[in-house]
Amino acid sequence: MAGNKQGISVLIIEDNQEIRESTAEILMLSDYTVYTAEDGKLGVDLALRHLPNIILCDIMMPELDGYGVLFMLSKNEKTKNIPFIFLTAKVDRSDLRKAMEMGADDYLTKPFDDIELLNAIEARLKRKQGMEEAQLQSFFSVGEYDEQELLEELLENSRVKGLKNRQSVYDEGDHPHFLYYVKKGRVRGYLFHDDGRELVSGIYNPGDFFGHEALLLDQAYNHSTDVLEPSEVVLIQKDSFLELLFRKPSLAKMFLERLSDDVSQKENQLLGFAYDSVRKKVANALVKVAVDSEGSEVDECVIRVSRDNLSAIAGTAHETISRMLRHFIDESLITKKGNAIHIYSIKKLREIKA
C-alpha cells in the first residue's frame, strides 16, 4: 500500500541471516513493523502470537520447511487468511506449482531487489483489502429475491403450531429455544409497568418474525407474547437459525436491520409515553396498529383492535381511549363499529400535535 506503512506488520521467515536481515532493513526503512524468524517452527509461533498482515517465507529450511509452515498456518482460523509469499532460490516450475496449489499468494525468486519486494507486498495487501471490501459490500447487499430465498430456507422443515385466541407463545423470563414467524393471525408482545399497567411493545402480523432479540442476545425474554386471534406460528429451532445466520451474511444483515428498527420504534414509544399529550398518544397508537397491519404505503384502512390493546399501546387508561376516539369521530378522522376502526387518513393522525 502506498503511503504510511505504520501499523502494517510483516513476518519474515528465513534461515539465511544475510537475506533475513537485509529484507527486514528494507521493510523497516519503508515504515513496516517487522518480525523475523530463523526457522519454520519459530515462524509459526510468531505468526500465531503477532498475527502479521503478511508473511514472507523461505521454502528450503531445516526443522520445518516453508510448505510445512504454510500448511500449519492455513489450518488455523486466526492465520489462514494472512497473505503468504514464498521466497525461493528454486525456479523449478513443479515447486512453484506446488506452492501455489497449497495456497501461497505469490512468490519471489532470490535474489530480488528492493522494488520487487515492495511491489509484491503492496500488491498482496491491496488485493486482500479489495477482497475484504467486496465481502463487506456483499454483506450489506441483498435483493428481494435473495431475501425470499433465505426466508424459504429458514422456514423449511420448521414446525407450525396452531394457537387459540389469547394463548401464550412465551412469557417474560423464559429462555429462547426458537425464532418465531407469524404464518397466520396476529401476535402481540406486552409487558407490565411498575404501576401495574399493561404496555403493548409490538404487534406481529403474517410475515413477521418475533423473539429474535432475546435469541440473538442469548438472554431471557423481557416481555411476554400471546395471540390476538386464532393463529399459526412457525417455530424455527434456535440452532438451525444461528447456523444459517453464520452461513448467510445476507440473513444476518436482514436481522440487524430488524433489530435496529425495533430499537428505534421502542425508543420513540418511550419518548411518546413521557412527553406526548394524551391526544397524540392515542393517535400514535392508531397509526402503529395501522402500519403494523397494513404497511406504510396505505393512507386509508380499516383496523381491528380492542380498547384494551389500544390502551396498552398508548400507555393510557381505557376511559381516555374511549374519550379520544369519540373526539376523532367528531373530527371525521375515523369511524368505529365494534373493534373495527376505519381510519380515513393515517397522515392526518400522524400530524396531530396536541
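Residues numbered from 1 in each chain as written. Predicted model: local features only at pLDDT ≥ 70, side-chain atom pairs only at ≥ 80, totals over all residues. Heavy atoms only, no water.

Right, let's talk about the sheet that holds strand β10 (residues 198–204) for a bit. The strands making up a sheet are joined through hydrogen bonds of the backbone, oriented either antiparallel or parallel. A sheet is described by the order of its strands in space; here four strands give the open sequence β7-β12-β9-β10, paired in antiparallel fashion. Pairing within the sheet leaves two strands with one partner each, and these edge strands are β7 (168–170) and β10. Sheet twist, expressed as the mean angle between neighbouring strand axes with direction ignored, is 30 degrees. The pairing of β7 with strand β12 (residues 224–227) spans two bridges and is classified as antiparallel. When the sheet's bridge partners are listed, Tyr-170 is paired in β12 with Thr-225. In the packing of helix α11 (residues 307–314) onto the sheet, the strands contacted are β9 (187–192) and β10, and the crossing angle to β10 comes to about 100 degrees. (Pairing = 2+ DSSP bridges. Helix = DSSP H or I, 4+ residues; strand = E, 2+ residues; numbered from the N terminus. Axes fitted to C-alpha atoms, helices over the stretch in contact; angles between N-to-C directions. Contact = heavy atoms within 4.5 Å.)

This part takes up the nonpolar core. Within the largest apolar cluster, 28 residues are counted, with the highest numbers of intra-cluster contacts made by Leu-286, Ile-303, Leu-310, Ile-341 and Ile-343. Looking at this core, the elements with two or more residues in it are β10, α10 (278–294), β14 (301–304), α11, α12 (318–330), β16 (340–343) and α13 (346–350). Beyond its immediate sequence surroundings of up to four residues, Leu-286 is in contact with Ile-303, Leu-310, Leu-325, Phe-328, Ile-341, Ile-343 and Leu-349. Counting residues in hydrophobic clusters, the runner-up holds 20 residues, among them Val-44, Ile-59, Ile-82 and Phe-84. (Core = buried A, V, L, I, M, F, W, Y, C linked by side-chain atoms within 4.5 Å. Buried < 20%, exposed > 50% of the residue type's maximum accessible area, 1.4 Å probe, protein only.)

Once that is clear, we can look at the pattern of salt bridges. Counting across every chain of the model gives 11 salt bridges. Notably, a salt bridge pairs Glu-14 with Lys-110, separated by 3.1 Å at the nearest N-O pair. With Glu-14 in the loop between β1 (9–13) and α1 (17–29) and Lys-110 in the loop between β5 (106–109) and α5 (114–139), the pair connects residues that are 96 residues apart, well separated along the chain. Comparing Glu-14 with Lys-110, the two get one shared label, buried. In this structure, Asp-106 and Arg-124 form a salt bridge, with 3.9 Å as the shortest nitrogen-oxygen distance. Here Asp-106, found in strand β5, pairs with Arg-124, found in helix α5; they are 18 residues apart in sequence, far enough to count as distant. When its relative accessible area of 15% is taken as the criterion, Arg-124 is described as buried. One network of salt bridges, with partners in common, ties together Glu-14, Asp-58 and Lys-110. (Salt bridge = Lys/Arg side-chain N within 4 Å of Asp/Glu carboxyl O.)

This paragraph deals with the environment of Val-282. With respect to the helices, strands and loops of the structure, Val-282 is situated in helix α10. On a C-alpha basis, the gap between Val-282 and Ser-311 in space is 8.0 Å, while along the polypeptide they are 29 residues apart.

For the rest of this paragraph, the subject is the environment of Gly-185. Within the secondary structure, Gly-185 sits in the loop between β8 (178–184) and β9. Judged by its relative accessible area of 8%, Gly-185 falls in the buried class. As for Gly-185 and Tyr-204, which are separated by 19 residues in sequence, their C-alpha atoms are 8.6 Å apart. Apart from the residues within four sequence positions on either side, Gly-185 is in contact with Tyr-204, Asn-205, Pro-206, Glu-229, Pro-230 and Ser-231.

This next bit is on the packing of α10 against α12. Two packed helices can be described by the angle between their axes and the distance between those axes. Axis separation between α10 and α12 bottoms out at 10 Å; the angle between their running directions is 80 degrees. In terms of orientation, α10 and α12 fall into the roughly perpendicular class. Contacts between α10 and α12 involve Val-278, Arg-279, Val-282, Ala-283 and Leu-286 on the former and, on the latter, Thr-320, Ile-321, Met-324, Leu-325 and Phe-328. In the contact of α10 with α12, the residues fall into eight nonpolar, one polar and one charged. (Parallel < 35°, antiparallel > 145°, perpendicular 65-115°, else oblique. Nonpolar A, V, L, I, M, F, W, Y, C, P; charged D, E, K, R; others polar.)

Moving on, we come to the packing of aromatic side chains. Across all of its chains, the model carries 10 aromatic pairs by this definition. In textbook terms, an aromatic cluster arises when at least three aromatic residues are bridged by ring pairs, as seen for Tyr-170, Phe-178, Tyr-180, Tyr-204, Phe-210 and Tyr-221. Just above the ring of Tyr-190 sits the side chain of Arg-188; from NZ or CZ to the centre is 4.3 Å. (Phe/Tyr/Trp six-rings, centres within 6.5 Å; stacked < 30°, edge-to-face > 60°. Lys NZ or Arg CZ within 6 Å of the ring centre and 35° of its normal.)

Predicted confidence across the chain gives a mean pLDDT of 83, with 86% of residues reaching 70 or more. For the chain, per-element mean pLDDT is lowest for helix α6 (residues 144–155), which scores 64, and highest for β1, which scores 96. (pLDDT = per-residue confidence, 0-100.)

For the rest of this paragraph, the subject is the sheet that holds β14. In spatial order, the strands read β14-β16-β15; together these three strands make up an open sheet with antiparallel pairing. Edge positions in the sheet fall to β14 and β15 (334–337), since each of these pairs with one other strand and no more. Between one strand and the next, the sheet's axes are offset by a mean angle of 20 degrees, whatever the strand orientation. Where β15 and β16 come together, four bridges link them in antiparallel fashion. Paired with Thr-335 across the two strands is His-342, which belongs to β16. Across the face of the sheet, α10 comes into contact with β14 and β16 while running at roughly 100 degrees to β14. Lying on the sheet, α12 is in contact with β15 and β16; it crosses β15 at an angle near 125 degrees.

As a packed pair, α10 and α11 sit with axes 8 Å apart at the nearest point and diverge in direction by 110 degrees. The angle between α10 and α11 places the two elements in the roughly perpendicular class. The two elements α10 and α11 cross, and the hand of that crossing is right-handed. Residue-level inspection shows Lys-281, Val-282, Ala-285, Leu-286, Lys-288 and Val-289 of α10 in contact with α11, the latter providing Leu-310, Ile-313 and Ala-314. Considered class by class, the residues forming the contact of α10 with α11 number seven nonpolar, no polar and two charged. (Left-handed = near helix turned anticlockwise from the far one by under 90°.)

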